[in-house]
Amino acid sequence: MRNRTKKPEILYMDDTIVVCVKPQGMPVQNDKSRDLSVLNYLKNEIAKKEKNGEPELHVVHRLDRPVGGVMVFARTAEAAGRLSRQMQDGTFEKYYQAVLSGHLNEEFGEVTNYLLRDGKTNTSKVVKKGTKGAKEAILEYEVLDMVETGQGKLSFVLIYLVTGRHHQIRVQMANLGCGIWGDTKYNKQFQKAKKKYHQIGLFSTRISFVHPETGEEMVFKTEPEGEAFDMVLDAMEF
């Protein structure tokens, strides 16, 4: 089935970077589904606007297909390298909002685990420190609200991603016993779902970085979208 999600919203574009809001359900790059990717959509939009042939565009960071939110692409290899170095040294900041199944024990927290990726199953799991191939994963969270809904207890949280590991937030929250709402890979409550794709309650709502060409501090924000967030907001207003 072809992807019928809405198209990315371009928030900012210059000769060096493009910032957009990725829709939930849309792949960042081409995959075996052959659905339209964010990368190709942006290339097409730039080509239509500038009419200089196929534009150069580089993926700097990724969001899982079910995850929506703000992200940046680089228009030159040099810019991509500079943004990648910012991610490595911690000056590139990424914040997410999430809806979790259940209630966390602590209102604030820093979570550190060691994650091991399985390329065959495209999953990651928490393992002991020192496990061969495992990478340290760190995030910080703040509980914004806890609600009761027709689907049980839910937590609405803000997450600051210190490191950027494969499926990191999804794995670490599930390991705390509060998986991301709708996550058929890691949340036991949804693992019996038969659908290949299910919208999940995770959204990239804020990124900040130094412009790779001008040195200006850049901050981009968006509001979370999707069924999970609508459900929480309805419960908060009740």
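All chains use their own residue numbering, which begins from 1 and follows the written sequence. Local features in this predicted model are restricted to residues whose pLDDT is 70 or higher, and side-chain atom pairs enter the listing and the counts only when it is 80 or higher, whereas totals over whole chains, interfaces and linings include all residues. Computation of side-chain values: all heavy atoms of the structure, hydrogens and water removed.

Trainee: Now, about the overall build of the protein: what can you tell me, with residues and values included?
Mentor: The helix and strand labels rest on DSSP assignments: H or I over at least four residues marks a helix, E over at least two residues marks a strand, and numbering proceeds from the N terminus. Scanning the protein from terminus to terminus reveals 4 helices and 11 strands. Computed over C-alpha atoms, the radius of gyration of the protein comes to 18 Å, within 12% of the 18 Å expected from 2.2 N^0.38 for 238 residues, which places it in the range of a compact globule. Referenced to the eigenvectors of the C-alpha coordinate spread, the extents of the protein come out at roughly 55 × 40 × 35 Å. The contact rule is simple, with two residues in contact once any of their heavy atoms fall within 4.5 Å. Within the protein, contacts between residues separated by at least 24 positions form 62% of all contacts whose residues are at least 6 apart in sequence. For a compact globule the rule gives 2.2 Å times the number of residues to the power 0.38, and the radius of gyration it is set against comes from C-alpha atoms.

Trainee: Explain the environment of valine 111 residue by residue, including any values.
Mentor: Topologically, valine 111 is positioned in strand β6 (residues 108-118). Put simply, valine 111 and valine 60 are 51 residues apart on the chain and 25 Å apart in space, counted from C-alpha to C-alpha. Residues in contact with valine 111, not counting those within four places in the same chain, are Ala137, Ile138, Leu139, Tyr141, Gln172 and Leu176.

Trainee: Quick rundown of the environment of tyrosine 186? Include the residues and the values.
Mentor: Tracing the sequence through the fold places tyrosine 186 in the loop between α3 (168-175) and β10 (202-210). Taking the C-alpha atoms as reference points, tyrosine 186 and arginine 170, 16 residues apart in sequence, are found 6.7 Å from one another. In this structure, tyrosine 186 is in contact with Asn122, Thr123, Ser124, His167, Arg170, Val171, Ala174 and Gln191, ignoring residues within four places of it in sequence. As used in this structure description, the phrase polar contact means that two N or O atoms lie within 3.5 Å; if the pair is within protein, one of them must be able to donate a hydrogen and the other to accept it, and residues adjacent in sequence are counted only when both atoms belong to side chains. Here the side chain of tyrosine 186 touches serine 124 through a polar contact of 2.9 Å, landing on its backbone nitrogen.

In short, shape yes, function no, at least from these values alone.
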